[in-house]
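Okay, here's what each chain looks like letter by letter:
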Amino acid sequence: NLLLRIEARGKRPAMLVYTFDGMLACSGINGAGVGLNINTLYPADSRPGVPYTFIVRAFLEQPSIYEGLDLVLPATRASGTNMLMADENLILDVEMSAARAGHVLCEHGYFAHTNHYISPHMYDLNQPFTNSNSIIRQQRAWDLLSEHAGVLTADVLKQILADRAGSPMCISRPEIKDPAGGFRAKTVAGLIGVPSQRVMHVTNGGPAESEWHEFSL
């Protein structure tokens, strides 16, 4: 796991970028007060195209959500990504596949998304293998966010991200191994972005068993 602090250059704002070896960007915030978190989606229309890490990095290099969307929505994308964006005034969620995009309303001042499409415009792109555990984790996240509505501080969000209810199909997932050796899954980090403060809280490992660290621009 890597957290990069990238200096401003020309019109490009400074950035805090969470990523992995060999990947341009997975999530982050920038010096203009724009934050982005993503979930991998598995649409039925995947194709050769631009990988999501390039799209995330290009978005974070923009000075506003609006300019970021104008850049990434027309891209010839390779597959699916959910992009949850925020600045000081707005929370916006856009589900993308290779060829389509759909907006999901954030009506309550909070929002939860996992690894399946929920927009009516996009739901038909879901593949069966992605749905069951993703639906369970999303519902649990919604329940916890609703329970703490109005007091969603960084400390409360840390508790939610560390939740192990319903393990192993939980928010902070322990390592899950397919007995046949074909599937492995584990939560490898926790991320909380505070765009208005240009701050990120990050764990190096699953939030249920890892220490939080704070980084700022």
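Refer to the preceding data block for the structure.
1. Brief notes about the environment of L125
Reasoning step 1: Structurally, L125 is set in the loop between strand 7 (101-104) and helix 3 (131-147).
Reasoning step 2: Here L125 falls in the buried class, since its relative accessible area comes to 6%.
Reasoning step 3: Separated by 80 residues in sequence, L125 and D45 place their C-alpha atoms 7.3 Å apart.

2. Regarding helix 2 (residues 65-72)
Reasoning step 1: Those residues of helix 2 lying buried are I65, G68, L69 and V72. Buried residues of helix 2, seen end-on, are gathered within an arc of 95° and therefore sit on one face of the element. Turned more than 90 degrees off the buried face of helix 2, the exposed positions are Y66 and D70.
Reasoning step 2: Where helix 2 is buried, its residues contact helix 1 (52-60), strand 5 (80-86) and strand 6 (91-96).

3. Points about the sheet that holds strand 6
Reasoning step 1: Pairing is antiparallel in the open sheet, where seven strands are placed in the order 1-2-3-4-5-6-7. Sheet topology places strand 1 (2-6) and strand 7 at the edges, where each strand pairs with a single neighbour. Each neighbouring strand pair of the sheet contributes to a mean axis angle of 15°, computed without reference to strand direction.
Reasoning step 2: Against the sheet, helix 1 contacts strand 1, strand 2 (15-19), strand 3 (27-30), strand 4 (35-41), strand 5 and strand 6, and its axis sits at roughly 165° relative to strand 4.
Reasoning step 3: Contacting strand 5 and strand 6, helix 2 crosses the sheet at an angle of about 165° to strand 5.

4. Things to note about the pattern of salt bridges
Reasoning step 1: One pass over the structure, following the stated rule, counts six salt bridges.
Reasoning step 2: The partner of E61 in a salt bridge is R57, with the nearest N and O atoms 3.2 Å apart.
Reasoning step 3: Notably, a salt bridge pairs D155 with K158, separated by 3.9 Å at the nearest N-O pair. In this pair, D155 and K158 both sit in helix 4 (residues 154-161), three residues apart, roughly one turn of the helix.
Reasoning step 4: Among the residues examined, K158 registers a relative accessible area of 18% and is labelled buried.

5. As for the packing of aromatic side chains
Reasoning step 1: What the rule picks out here adds up to three aromatic pairs.
Reasoning step 2: Judged by centre distance (5.9 Å) and plane angle (80°), the ring pair of F111 and W142 falls under edge-to-face. Remark: W142 occurs in helix 3 and F111 occurs in the loop between strand 7 and helix 3; sequence separation between them is 31 residues.
Reasoning step 3: Taking the relative accessible area as the measure of exposure, F111 reaches 10% and is therefore buried.
Reasoning step 4: Among the aromatic residues, those joined into a ring-pair cluster are Y110, F111 and W142.

6. A word on the sheet that holds strand 11 (residues 199-203)
Reasoning step 1: Taken together, the three strands give an open sheet; going across it, the order is 10-11-12, and neighbouring strands pair in antiparallel fashion. Both outer strands of the open sheet, strand 10 (191-194) and strand 12 (212-216), are each paired with one neighbouring strand and no more. Averaged over all neighbouring strand pairs, the angle between strand axes comes to 15°, with direction disregarded.
Reasoning step 2: Relative to strand 11, strand 10 is paired through four bridges, and the arrangement is antiparallel. Residue pairing for strand 11: L191 is matched across the bridge by V202.
Reasoning step 3: Contacting strand 10, strand 11 and strand 12, helix 4 runs over the sheet at an angle of about 155° to strand 10.

7. Side note on the environment of D93
Reasoning step 1: Examined against the element boundaries, D93 turns out to sit in strand 6.
Reasoning step 2: Under the relative-accessibility criterion, D93 is labelled buried at 0%.
Reasoning step 3: Linking D93 and A75, residues 18 residues apart in sequence, is a C-alpha distance of 17 Å.
Reasoning step 4: Every residue in contact with D93, bar those within four places of it in the chain, is listed here: N82, M83, L84, G102, H103, V104, C106, F111 and H113.
Reasoning step 5: One polar contact links D93 to N82, side chain to side chain, over a distance of 2.7 Å.

Parameters at a glance
Residues numbered from 1 in each chain as written. Predicted model: local features only at pLDDT ≥ 70, side-chain atom pairs only at ≥ 80, totals over all residues. Heavy atoms only, no water. Helix = DSSP H or I, 4+ residues; strand = E, 2+ residues; numbered from the N terminus. Buried < 20%, exposed > 50% of the residue type's maximum accessible area, 1.4 Å probe, protein only. Arc of directions from axis to C-beta. Contact = heavy atoms within 4.5 Å. Pairing = 2+ DSSP bridges. Axes fitted to C-alpha atoms, helices over the stretch in contact; angles between N-to-C directions. Salt bridge = Lys/Arg side-chain N within 4 Å of Asp/Glu carboxyl O. Phe/Tyr/Trp six-rings, centres within 6.5 Å; stacked < 30°, edge-to-face > 60°. Polar contact = N/O pair within 3.5 Å; in protein donor to acceptor, adjacent residues only side chain to side chain.

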